[in-house]
Amino acid sequence: MALLGLTGAGILLAGALVFGGLDRLRLRVVEANIDFVLTQLRDSIEANVSLGIPLQDLRVVQDLLERSRIGNPSLLAVEVFSPAGISLFNTDRGSIGEDITSTWRDGVRHAGNGDRWRVEEFGNLIVGQAIRNDFGEPVGYVAVTVAGPTGQSPIVSVIVASAWRFAVVLPAGLFGVGLVVWFMFRWRSREIMDVTARLSASGSPPLPAPPPDADLVRLADQVGEAVDAAVKQLDQTTTAVLKLDDDGVRDAAA
C-alpha cells in the first residue's frame, strides 16, 4: 500500500507538471494566433489608411474582419472602432454604431508597449491594438474577442482542465504498478518456498515414533536401569584408573 501511495503521488506530481505545461503551451499558441491576426489586420488597415481615405469609409475593412473571423474559429468577434469609442466595423453587424464599454476604454487608456491592450469581460478575453496613420496618430483600434477563463487562478485552471486526464491516467498507473508488484511478490515467494523445501529435505530424518502398544512405565524402567548400569560402569572405571595411578606413584617412590 505504501508503494502504491508513493506511486500515486508521483503520478499526480508528474501529471500536474506535464498537463500544466501542455495547458501553458495551449495558451501560448492562442496568444500567438491572436498576435498574428491583430498584426495582419492592423497592417492591412494601415496600408489602406495611408492612401488618404478616412477609416470609416474603408468598406474593405468589413471584408477583412469577416475573413479573419472565418479563418480562425477560436475568435468570437473582431471589431474596429474609432478613437471616440464608436464601433465602425464588426463581425457582429448588429453592434456597428454602438459605443464600446467602459472596460474597453480603460484598456485603451492603459495600453502598454506597442499600443497593445487586453481586458477580460463576461468571461471572454479582448485584445486590441491601435491603428495609426502615416503621422503616427491613432485613427482607430482593432480588437479581437476570444473565449477565456475569468475568476480562476492559473492553478485552479490547470486542475480543472486536467481533472479528467487524471481520472484516466491515475487508475491506469496504479493498476500497472500493482500488477508489477504482484508478479514480483509471487516470484520472490516462489524462491523462498524453494529454499525452504530444500532446507527441509536436507535436515535430519524424523525420530521413529514409539509403537502404539508400548508400555510407557516399562520403557521408563528400562531407561532407568540402563542409566544405573552406565553409572556403575563409570564408577568402576574411575576406581580402576585411580588405583593404577596410586600403584604408579608407589613404584616411583620405591
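Check the entry above for the structure.
Note that the structure is predicted; figures quoted are calculated from it, not measured.

A. Quick peek at the side chain of Ser87. With respect to the helices, strands and loops of the structure, Ser87 is situated in strand S2 (residues 87-90). In this structure the side chain of Ser87 is engaged in a polar contact, spanning 2.9 Å, whose partner is the side chain of Glu79. In this structure, Ser87 is in contact with Glu79, Val80, Phe81, Ser95, Ile96, Gly97 and Glu98, ignoring residues within four places of it in sequence.

B. A look at the nonpolar core. Residues Leu41, Ile45, Leu55, Val61, Leu65, Val80 and Val144 are the most contacted members of the largest nonpolar core, which totals 22 residues. Elements represented by at least two residues in this core include exactly helix H1 (2-49), helix H2 (60-71), strand S1 (75-81), S2, strand S4 (124-132) and strand S5 (138-147). At six residues, the largest contribution of residues to this core is made by H1. Membership of the second largest hydrophobic core comes to 10 residues, among which are Phe81, Trp104, Trp117 and Ile126.

C. The pattern of salt bridges, seen in detail. Following the criterion strictly, the structure yields four salt bridges and no others. Across the pair Asp35 and Arg116 runs a salt bridge whose closest N-O atoms are separated by 2.4 Å. A residue pair is termed long-range when its members are at least 10 positions apart, and Asp35 in helix H1 and Arg116 in strand S3 (residues 116-121) qualify at 81 residues. Taking the relative accessible area as the measure of exposure, Asp35 reaches 29% and is therefore partly exposed. A relative accessible area of 22% means that Arg116 is categorised as partly exposed. Between Arg42 and Asp43 there is a salt bridge; the shortest N-O distance is 3.2 Å.

D. Quick peek at the sheet that holds S3. Ordered by their spatial adjacency, five strands build an open sheet running S2-S1-S5-S4-S3, and the pairing between neighbours is antiparallel. Each having just a single partner strand, S2 and S3 make up the two edges of the open sheet. Across the sheet, the mean angle from the axis of one strand to that of its neighbour is 25°, orientation sign disregarded. Pairing geometry for S1 and S5, over six bridges, is antiparallel. Across the sheet, residue Leu75 finds its bridge partner in S5, namely Val146. Across the sheet, H2 lies against S1 and S2, angled at about 165° from S1, the strand it touches most. Sitting on the sheet, helix H3 (residues 102-109) is in contact with S1, S3, S4 and S5, with an inclination near 155° to S3.

E. The arrangement of unusual backbone geometry in detail. At Phe122, a residue that is not glycine, the phi angle is positive and equals roughly 55°. Considering the arrangement of structural elements, one finds Phe122 in the loop between S3 and S4. The class for Phe122 is exposed, based on a relative accessible area of 77%.

F. How the structure looks around H2. If you check H2, its first and last C-alpha atoms are 17 Å apart, about what 12 residues at 1.5 Å a residue would give, namely 16 Å. Listing the buried residues of H2 in full gives Val61, Gln62, Leu64, Leu65 and Ser68. For H2, the angular spread of the buried residues around the axis is 160°, confining them to a single face. Seen from the buried face of H2, the exposed residues on the opposite side, beyond 90 degrees, are Arg67, Ile70 and Gly71.

Basis of the calculations
- Residues numbered from 1 in each chain as written.
- Predicted model: local features only at pLDDT ≥ 70, side-chain atom pairs only at ≥ 80, totals over all residues.
- Heavy atoms only, no water.
- Helix = DSSP H or I, 4+ residues; strand = E, 2+ residues; numbered from the N terminus.
- Polar contact = N/O pair within 3.5 Å; in protein donor to acceptor, adjacent residues only side chain to side chain.
- Contact = heavy atoms within 4.5 Å.
- Core = buried A, V, L, I, M, F, W, Y, C linked by side-chain atoms within 4.5 Å.
- Buried < 20%, exposed > 50% of the residue type's maximum accessible area, 1.4 Å probe, protein only.
- Salt bridge = Lys/Arg side-chain N within 4 Å of Asp/Glu carboxyl O.
- Pairing = 2+ DSSP bridges.
- Axes fitted to C-alpha atoms, helices over the stretch in contact; angles between N-to-C directions.
- Expected span 1.5 Å × (residues − 1).
- Arc of directions from axis to C-beta.

Coordinates in, geometry out; function isn't part of it.
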